[in-house]
Amino acid sequence: MDCSQAQPLLLDFARGRLSPELTAEVERHLAGCESCQVQVERERALDAALKLLPRPPLPASLASRLSRPPRWRPRWEQAAVLLAAAACVGLFVTAWQPRTDRIVEEAVNDHVRQLIRSTPVEVASSDHHQVKPWFEGKVEFAPVIHFEGDADFPLVGGSVGYFIDRKAAVFSYARRLHRISLFVMPGASLRWPSGIDSRSARGFNVLLWQEGELAYALVSDLNEPELRQLAARIHGGP
Amino acid sequence: MSFKDDALALADDLYAYACHLSGSRQEAEELVQDAYARALAARRRFAPGSSLKAWMMRILQNAFFDDRRRQARNVIELRPADAPADGDVPRALTAFDVERALAELPPDHRNIILLDMNGLTESEAAELLGVPAGTVKSRLSRARAALRVRLAAYGR
């Protein structure tokens, strides 16, 4: 194998994607070719550099637009629909929802997104003492949880999510085959209900409460009494 | 899972791809939303068993290049005279350097690097770009060389 044969293979070689036979041939060539060795190092260094590339998180507003029924519309069609709506019914009839309903809708959408993500949790651990510190530096607040997970409601892991316009710490719990997401975020400027408020939307139960400056949303397709049991443990109070 | 669920599961990847391809988060949001609208309208044309991710990325890529053509915005290829002809990637690069270097590449170079990063095979990328598989390898190699030049320039 000479340089002209080796060069097209060097990237795949650097990534370990060649067959054992080709790998052995490239290795034999590299043993006597400094410039191809340098090239392999460059490919590895560039792959390492590309791994640094930030991965912008999907904005919650976009995620919610995408998952909202009935269907996605191309941009020109959206404009046409908006114009038609404005002409027919007047601009004052824009879809207005009480704020709590929007919060419930957002909670359900975010829970569904957690379920369908390729990696539902970013830190997979049943150890509360591993999951909680993992959020340090990833969210701008310390999530307060009075519950470490137990045999009834094991902790599955955590991830960073987005709730309306802010970052949320997301704790995932399980109950039999049900998945439960707990979103914890700063409550400022969100109209959160007082006490533990129970709602349901699209087959999911949502419990909302506030504790100090933090807002909590617990979402699952689990039945409400059992979800309340978990909420009581997390809440740590009556 | 339904087609829509399968497609929604790719939203994170598609948004990140759109951000880096367009260099604008606002444009990325529009591109992703548009791509989903087009994908849903054309869902019957998706061949089951093939890669939905590659298919969605193709739709998004086409929307991006259609927009660029419509805007007739000429992309200036940056080849500063002081950049070395080729070079090693410096060790102390930051995420910002990599993002900036990628953003400075011509869109087709940027695109092929992003497709490769997203794990598309050569044949998937070839189909997506409408070129022979052999061309993907040489194009990727040129794009990576151009990126290396940019990154090397930042390290000096």
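In the block above lies the structure referred to throughout.
Reference entry: report on the structure contained in this document. Chains are numbered independently. Their residues run from 1 in the order of the written sequence. Chains carry letters and ligands carry numbers; both start at the beginning, A for chains and 1 for ligands, and go up in the order they are written. Local features in this predicted model are restricted to residues of pLDDT 70 or higher, and side-chain atom pairs are both shown and tallied only at a pLDDT of 80 or more, whereas totals for entire chains, interfaces and linings draw on every residue. Just so you know, side-chain values use all the structure's heavy atoms and leave hydrogens and water out.

Numbering of helices and strands starts at the N terminus; helices are DSSP runs of H or I of at least 4 residues and strands are runs of E of at least 2. When you go through chain A residue by residue, the secondary structure sums to nine helices and seven strands. Exposed residues in this analysis have more than 50% of their type's maximum accessible area, buried residues have under 20%, and partly exposed residues fall in between, with area computed by a 1.4 Å probe over protein chains only. Split into buried and exposed, the 238 residues of chain A put 46% on the buried side. Considering only residue pairs separated by 6 or more positions, chain A has 60% of its internal contacts joining residues 24 or more positions apart. Per-residue and other accessible areas follow the Shrake-Rupley method at a 1.4 Å probe size, with only the shown protein chains counted as cover for residues. As presented, chain A carries roughly 12,300 Å² of accessible surface, and 55% of it is formed by carbon and sulfur atoms. We call two residues contacting when some pair of their heavy atoms lies within 4.5 Å.

Moving on, we get to the overall build of chain B. For chain B, the helix and strand inventory stands at eight helices and zero strands. Along chain B, helices and strands appear, N-terminal first, in the series α-α-α-α-α-α-α-α. Here chain B has roughly 7,600 Å² of accessible surface; of this, 49% comes from carbon and sulfur atoms.

All names here are of chain A. Along the chain, Ser181 falls in strand β4 (residues 178–186). Accessibility expressed as a relative area gives 2% for Ser181, which makes it buried. Side-chain polar atoms of Ser181 contact the side chain of His111, separated by 2.8 Å. Ser181 has contacts with His111, Gln114, Val170, Phe171, Ala217, Leu218 and Val219, leaving out every residue within four places of it along the chain. Two N or O atoms form a polar contact when they lie within 3.5 Å of each other; inside protein one atom must be a possible hydrogen donor and the other a possible acceptor, and for residues adjacent in sequence the pair counts only when both atoms belong to side chains.

For an interface, size is often stated in terms of accessible area lost upon the parts coming together. Facing the 38 residues of chain A at the interface are 45 residues of chain B. Approximately 3,700 Å² of surface area, both sides summed, lies buried where chain A meets chain B, with 61% of it carried by carbon and sulfur atoms. The closest approach of N and O atoms between A:Arg55 and B:Asp13, which form a salt bridge, is 2.5 Å. In this structure, the connection of chain A to chain B is made through 10 residue pairs in polar contact (both at pLDDT 80 or more). Contributions of two or more residues to the side of chain A that touches chain B are made by α2 (10–14), α4 (34–51), α5 (60–67), α6 (75–89) and α7 (99–116) of chain A. Note on residue categories: nonpolar means Ala, Val, Leu, Ile, Met, Phe, Trp, Tyr, Cys or Pro, charged means Asp, Glu, Lys or Arg, and polar means any other residue, Gly included. When its residues are assigned to classes, the side of chain A that touches chain B shows 21 nonpolar, four polar and 13 charged. Buried area, as used here, totals the accessible surface that two parts lose on assembly, with accessibility defined by a 1.4 Å probe and the loss added over both. Salt bridge, as used here: a side-chain nitrogen of Lys or Arg that lies within 4 Å of a carboxyl oxygen of Asp or Glu.

Let's shift gears to the nonpolar core. Buried Ala, Val, Leu, Ile, Met, Phe, Trp, Tyr and Cys residues form a nonpolar core when they are joined through side-chain atoms within 4.5 Å. Grouped together as the largest cluster of nonpolar side chains are 60 residues, with contacts concentrated most on B:Tyr36, B:Trp55, B:Met56, B:Leu60 and B:Leu147. In terms of residue count, helix α4 (residues 52–71) of chain B provides more of this core than any other element does, 10 residues in total. Not counting the four nearest positions on each side in its chain, B:Leu147 is found in contact with A:Leu46, A:Leu50, B:Ala101, B:Leu102, B:Leu105 and B:Ile113. A:Ile145, A:Phe171, A:Leu214 and A:Leu218 belong to the second-largest nonpolar core, a separate cluster that totals 27 residues.

Residue and element names in this part refer to chain B. Among the residues making up helix α7 (residues 122–129), those that are buried are Ala125, Ala126 and Leu128. The arc that holds every buried residue of α7, seen down its axis, measures 165 degrees, which confines them to one face. Among the exposed residues of α7, those oriented more than 90 degrees off its buried face are Ser123 and Glu127. Taken from the residues just after α7, Gly130 is the one with a positive phi, measuring 70 degrees. Directions pointing from the helix axis toward each C-beta atom define the arc.

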